[in-house]
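Coordinate analysis (summary)
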Amino acid sequence: DFEDQTRRVFWNEAVWVKYAKWEESQKDFARARSVWERALDKHFRSSSLWLKYAEMEMTHKNVNHARNVWDRAISLLPRVDQFWYKYIHMEEMMGQIANARAIFERWMDWEPDHNGWNAYVKMETRYKEWERVRRIYDRYTQCHPSVKAWVRWAKFEMGLGEVGRAREVYEHAVEAMEHEVDADQLYVKFAQFEELTREFERARGIYKFALDNLPKDKATAVYQNFMLFEKQHGDREGIEDVVVGKRRMQYEEDVRKNPANYDVWFDYVRLEENNGDVDKARDVYERAIANVPPASEKRYWRRYIYLWINYALFEELEAQDPERTREVFRECLKLVPHKHFSFSKIWVMAANFEIRQKRLDAARKILGLAIGLAPKDKIFKTYIEMEMQLGNIDRCRTLYEKALENAPQNCQTWVKFAELERSLGETERARAVLELAITQPLLDMPELLWKSYIDFEISEGERELTRKLYERLLDRTQHVKVWMSYAQFEAAPMAASAGEEGEEGEDGLR
């Protein structure tokens, strides 16, 4: 029956197995082997057939036959780990350690997975062949340069009490795996090893080295373990350093996603400034200002320009480096496209910085350049105020003239110019300035200019000149407020001029 079945359904492994087991039950091992061999001819890739065949030989203590089966099995199917395990186990149970070791060596040539190497290590460990174990681990880490392999080696050395050897293993692992994707796990294991040996400073140094060298997106686990370490073994300063590092990692991630997010850069540099590391803060500032807005439109530059301002203030006040401050202002002024727009604040701050450094010539040069490139009202005001404080009246007059050449419609400039001349006692010059101002064809606030001129004549006690001004103003506008102001002027007594006061005094004496 069995022969008929094997002919009809030779593809069915179960038929062959039943046939072989029946022959085995009849104690006819030669016929049983014949059946197994015929089955393997049909199904040589079937691992279950090989296993059952070898188990039959081992059950009946046919050692050499079993060896023959295992040798053929591992030669035909070297990737079936179970063959190797059972073959080695058989040799070890018979006390043939040299044979087991030779089989392991054959297996290692096929570079098995971690479990295969680990089984070899365990066998040698059972017989306390420590140097053999170390050589196996050396080959293991070359075959599988992974955290699991290196950590197993280090734990083996720790188990023997060889702390120095274990540290050397970790150091070699760091050198070999510093660019691998799972390097963060290795750093954590190394630091935990040092913590276990009570070398807290070494552990802290490893964590910091890892955070400095790992990509920020790969350092999350390191930060978490570092935080736990500092809470257990660190002081308040150490914990704060870890918190700062975690925030730094978050900022790095944010600026990597969007380098033009200037608000994040502001927070980042503020973090480094508060941390007190000048070099790191300077590095962040340099990276931030490198992200120049893509378009030459002022609205895109409004936030960006404050990075330069804060950078300059940081160099002057925190780093106390005047040369770098001057260089920051210089580079910023070069970068701004003054043909399209400019920022008065930068020019004014650069000039004020030079004044604080007692370099008036440099401040004048900056403001003069500003007038040439970006003649704005704020720049003229700053320059005039500076010269006024220095008592350079002729320079102030020249600056007012330039300001009015640039913007003749600016009524406030005309008024300030007249007030300057009046404060110097130059009444006729002040009147000439105001007279010239009201003749301008276009003014931005003519009501302010006319009011200033009228108030000036009233304060000088010139009733007739004031009346003529009102008449000239009414020729231009018939606004009701002008009429009301004119009427109030006529109704109110005017303070007498100096000459009239003198005559009245003489009449009273007579």
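Below is a summary of the structure that appears in this document. (Residues numbered from 1 in each chain as written. Predicted model: local features only at pLDDT ≥ 70, side-chain atom pairs only at ≥ 80, totals over all residues. Heavy atoms only, no water.)

1. Looking at the layout of surface pockets
Where empty space is left can be seen by rolling a probe of water-molecule size over the atoms. For the record, the criterion: Every definition here rests on a 1 Å grid over the protein atoms only: cavities are sets of points where a 1.4 Å probe fits but cannot get out, pockets are open sets enclosed by protein on both sides within 12 Å along at least five of seven lines, and lining residues have some atom within 4 Å of a point. Grid points are joined across faces, edges and corners, and a volume is the space filled by probe spheres set on the points. Every helix listed is a DSSP run of H or I at least four residues long, and every strand listed is a run of E at least two residues long, numbered separately from the N terminus. Here the nonpolar group is Ala, Val, Leu, Ile, Met, Phe, Trp, Tyr, Cys and Pro; Asp, Glu, Lys and Arg are the charged ones; every other residue, Gly included, is treated as polar.
Within this model, the largest pocket holds a volume of roughly 420 Å³. For the largest pocket, the lining is made up of 20 residues, of which Asp-212, Gly-245, Arg-248, Asn-275 and Lys-280 are closest to its centre. The set of elements that each furnish at least two residues to the lining of the largest pocket consists of helix 13 (200–213), helix 14 (220–233), helix 15 (236–257), helix 16 (262–275) and helix 17 (278–289). Looking at the lining of the largest pocket, the element that brings in the most residues is helix 15, giving six residues. Within the lining of the largest pocket, the residues separate by chemical class into seven nonpolar, two polar and 11 charged.

2. What about the pattern of salt bridges?
To be explicit about the condition: Just to be clear on terms, a salt bridge is a Lys or Arg side-chain nitrogen sitting within 4 Å of an Asp or Glu carboxyl oxygen. Only protein chains enter the accessibility calculation, which uses a 1.4 Å probe. A residue is then buried if its area is under 20% of the maximum for its type, exposed if over 50%, and partly exposed in between.
Inspection of the entire model under this criterion finds 35 salt bridges. Note that Arg-330 and Glu-327 form a salt bridge whose closest N and O atoms lie 2.5 Å from each other. Pair noted here: Arg-330 and Glu-327 are both in helix 20 (residues 322–335), with a separation of three residues, about one helical turn. Classification of Arg-330 by relative accessible area gives partly exposed; the value is 37%. For Glu-327, a relative accessible area of 34% puts it in the partly exposed group. Salt bridges linked by common partners bring Asp-279, Arg-282, Glu-286, Glu-315 and Arg-324 together as one network.

3. Topic: the environment of Val-121
The criterion, for reference: Residue contacts are counted whenever heavy atoms from the two residues lie within 4.5 Å of one another.
Summarising the element assignment, Val-121 is placed in helix 8 (residues 114–126). The class of Val-121 is buried, set by a relative accessible area of 4%. For the pair Val-121 and Asn-99, spaced 22 residues apart in sequence, the C-alpha to C-alpha distance is 16 Å. If we ignore the near neighbours within four places in the chain, the residues touching Val-121 are Val-133, Ile-136 and Tyr-137.

4. Things to note about the packing of aromatic side chains
Selection rule: Note on aromatic pairs: the rings of Phe, Tyr and Trp (six-membered ring only in Trp) are paired at centre separations within 6.5 Å, and the planes decide the class, stacked below 30 degrees, edge-to-face beyond 60, tilted for the rest. Any Lys NZ or Arg CZ that is within 6 Å of a ring centre and within 35 degrees of that ring's normal is treated as a charge sitting over the ring.
For the structure shown, the criterion picks out 27 aromatic pairs. Here the aromatic rings of Tyr-285 and Phe-314 are separated by 5.6 Å at their centres, their planes lie at 35°, and the arrangement is tilted. Here Tyr-285 is found in helix 17, whereas its partner Phe-314 is found in helix 19 (residues 304–318), with 29 residues between them in sequence. There is no split in this pair, since Tyr-285 and Phe-314 are both buried. Taken together, a centroid distance of 6.0 Å and an interplanar angle of 40° make the contact between Phe-329 and Phe-353 tilted. Within this pair, whereas Phe-329 is found in helix 20, its partner Phe-353 is found in helix 21 (residues 344–356), the two being separated by 24 residues in sequence. In this structure Phe-353 comes out as buried when scored by relative accessible area, which is 1%. A connected cluster of aromatic rings, assembled from ring pairs, spans Trp-117, Trp-130, Tyr-137, Tyr-140, Trp-150, Trp-153 and Phe-156. Directly above the aromatic system of Phe-343 lies the positively charged group of Lys-298, at a separation of 4.9 Å from the ring centroid.

5. Let's talk about the side chain of Glu-272
As for its placement among the helices and strands, Glu-272 is situated in helix 16. For Glu-272, a relative accessible area of 2% gives the class buried. Leaving out residues up to four positions away in the same chain, Glu-272 has contacts with Arg-248, Asp-277, Lys-280, Ala-281 and Val-284.

6. Considerations on unusual backbone geometry
Excluding glycine, residues mostly carry a negative phi; peptide bonds, for their part, are mostly trans. Unlike most non-glycine residues, Glu-111 shows phi in positive territory, near 50°. With respect to the secondary-structure elements, Glu-111 resides in the loop between helix 7 (97–108) and helix 8. Positioned with a positive phi, Lys-358 is a non-glycine residue whose angle comes to about 60°. Here Lys-358 is to be found in the loop between helix 21 and helix 22 (360–373).

7. Side note on helix 24 (residues 393–406)
Residue pairs three or four apart in sequence face the same way in an α-helix, which turns once every 3.6 residues. This is how it is decided: By this rule the span expected of a helix is its residue count minus one, scaled by 1.5 Å. Comment: arc refers to directions from the helix axis out to C-beta atoms.
Between its terminal C-alpha atoms helix 24 stretches 20 Å, which fits the 20 Å expected from 14 residues at 1.5 Å a residue. Among all positions in helix 24, only Cys-396, Arg-397, Leu-399, Tyr-400, Ala-403 and Leu-404 are buried. Buried positions in helix 24, seen along its axis, are confined to an arc of 165° and lie on one side of it. In this structure, helix 24 carries Asp-394 and Glu-405 as exposed residues pointing more than 90 degrees from its buried face. Looking at the buried residues of helix 24, the elements they touch are helix 22, helix 23 (377–390), helix 25 (411–423) and helix 26 (427–438).

8. Digging into helix 27 (residues 446–459)
Between the first and last C-alpha of helix 27 there are 20 Å, a value that for 14 residues agrees with the 20 Å anticipated at 1.5 Å per step. Residues of helix 27 that are buried: Leu-449, Trp-450, Ser-452, Tyr-453, Ile-454, Phe-456 and Glu-457. Turning to helix 27, the residues buried within the fold contact helix 25, helix 26 and helix 28 (463–476). At the exit of helix 27 stands Gly-461, carrying a positive phi of roughly 75°.

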